[in-house]
Amino acid sequence: MSPALPTLPPDFPEQAAAGVFRAGGLRAAEAAGEAIRIGYDVRRVDLHDSRNKADTLARIAAALDFPEWFGHNWDALADCLGDLPWLTPGARCLLVFEGCKGHAEAWPVLIEILQQSCTDWAEREVLLSCVLAFDGDEQ
């Protein structure tokens, strides 16, 4: 079961939407392909079979090219998400977290950090959208 999040808007990415959303795996893949087509920087984080915090954080760090000093904790995740050198003013970025399931206790913390990152990047004129893709959740 997916966490209580708004569903990815049906007209995304044509209609830009900053924030954290949920989508089924197929819808997320479709949105990612369309986002690439119109110039978004799309980064995929494969969370299939990730069952604990350490593995989840390691996968995020690898997919987003975090620096070696990444501390593999929630505070370090927030710090690194706030300092992504490949995001510049005017950029549009979509982070797709694929295969979301398991490790349910992490979702509230991860979602809070992602939401804050979207807000912080918007203040720097960067559109950051995050999608948590849940296989079988095709709403």
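Residues numbered from 1 in each chain as written. Predicted model: local features only at pLDDT ≥ 70, side-chain atom pairs only at ≥ 80, totals over all residues. Heavy atoms only, no water.

## A closer look at the sheet that holds strand E1 (residues 19-24)
Inference 1: Spatial strand order, E1-E4-E3-E2: four strands in an open sheet with parallel pairing. Each of the sheet's edge strands pairs with one partner strand only, and the pair in question is E1 and strand E2 (41-46). The sheet shows a mean angle of 20° between the axes of neighbouring strands, taken without regard to direction.
Inference 2: Sheet topology note: the E1/strand E4 (residues 127-134) ladder contains six bridges and is parallel. In the strand pairing of E4, Gly24 is matched with Phe134. (Pairing = 2+ DSSP bridges. Helix = DSSP H or I, 4+ residues; strand = E, 2+ residues; numbered from the N terminus. Axes fitted to C-alpha atoms, helices over the stretch in contact; angles between N-to-C directions.)

## What about the side chain of Ser117?
Inference 1: Within the element layout of this structure, Ser117 appears in helix H4 (residues 107-123).
Inference 2: What makes Ser117 buried here is its relative accessible area of 5%.
Inference 3: With near-sequence residues (within four places) excluded, Ser117 lies in contact with Leu81 and Leu128. (Buried < 20%, exposed > 50% of the residue type's maximum accessible area, 1.4 Å probe, protein only. Contact = heavy atoms within 4.5 Å.)

## Quick word on the packing of helix H3 (residues 74-81) against H4
Inference 1: Between H3 and H4, whose axes approach to 10 Å, the crossing angle comes to 25°. Classified by the angle their axes make, H3 and H4 are roughly parallel. The element H3 and its partner H4 pack so that their crossing is right-handed. Residues Trp74, Leu77, Ala78 and Leu81 of H3 form the contact with H4, whose participating residues are Val109, Leu110, Ile113, Leu114, Ser117 and Trp121.
Inference 2: Residue composition of the contact of H3 with H4, grouped by class: nine nonpolar, one polar and no charged. (Parallel < 35°, antiparallel > 145°, perpendicular 65-115°, else oblique. Left-handed = near helix turned anticlockwise from the far one by under 90°. Nonpolar A, V, L, I, M, F, W, Y, C, P; charged D, E, K, R; others polar.)

## Observations regarding the environment of Trp86
Inference 1: Note on placement: Trp86 falls in the loop between H3 and strand E3 (92-98).
Inference 2: Spatially, the C-alpha atom of Trp86 lies 9.5 Å from that of Leu64, the residues being 22 residues apart in sequence.
Inference 3: Aside from chain neighbours lying at most four places away, what touches Trp86 is Asp41, Arg43, Leu64, Cys93 and Leu95.
Inference 4: Side-chain polar atoms of Trp86 contact the backbone oxygen of Leu64, separated by 3.5 Å. (Polar contact = N/O pair within 3.5 Å; in protein donor to acceptor, adjacent residues only side chain to side chain.)

## Re the pattern of salt bridges
Inference 1: Inspection of every chain in the model, using the stated rule, returns six salt bridges.
Inference 2: Between Arg37 and Glu34 there is a salt bridge, with the nearest N and O atoms lying 2.5 Å from each other. Of this pair, Arg37 and Glu34 both sit in helix H1 (residues 25-37), three residues apart, which is roughly one turn of the helix.
Inference 3: For Arg37, a relative accessible area of 59% puts it in the exposed group.
Inference 4: A salt bridge links Asp55 to Arg59; its shortest N-O distance comes to 3.1 Å. (Salt bridge = Lys/Arg side-chain N within 4 Å of Asp/Glu carboxyl O.)

## Concerning the nonpolar core
Inference 1: Phe66, Leu77, Leu81, Phe97 and Leu132 are the most contacted members of the largest nonpolar core, which has 35 residues in total.
Inference 2: Counting residues per element, this core draws most heavily on H4, which supplies seven residues.
Inference 3: Excluding residues within four positions of it along the chain, Phe66 makes contact with Ile60, Ala61, Leu77, Cys80, Leu81 and Leu84.
Inference 4: In terms of nonpolar packing, the next biggest core, distinct from the first, is built from 16 residues, Ala23, Ala32, Ala35 and Val131 among them. (Core = buried A, V, L, I, M, F, W, Y, C linked by side-chain atoms within 4.5 Å.)

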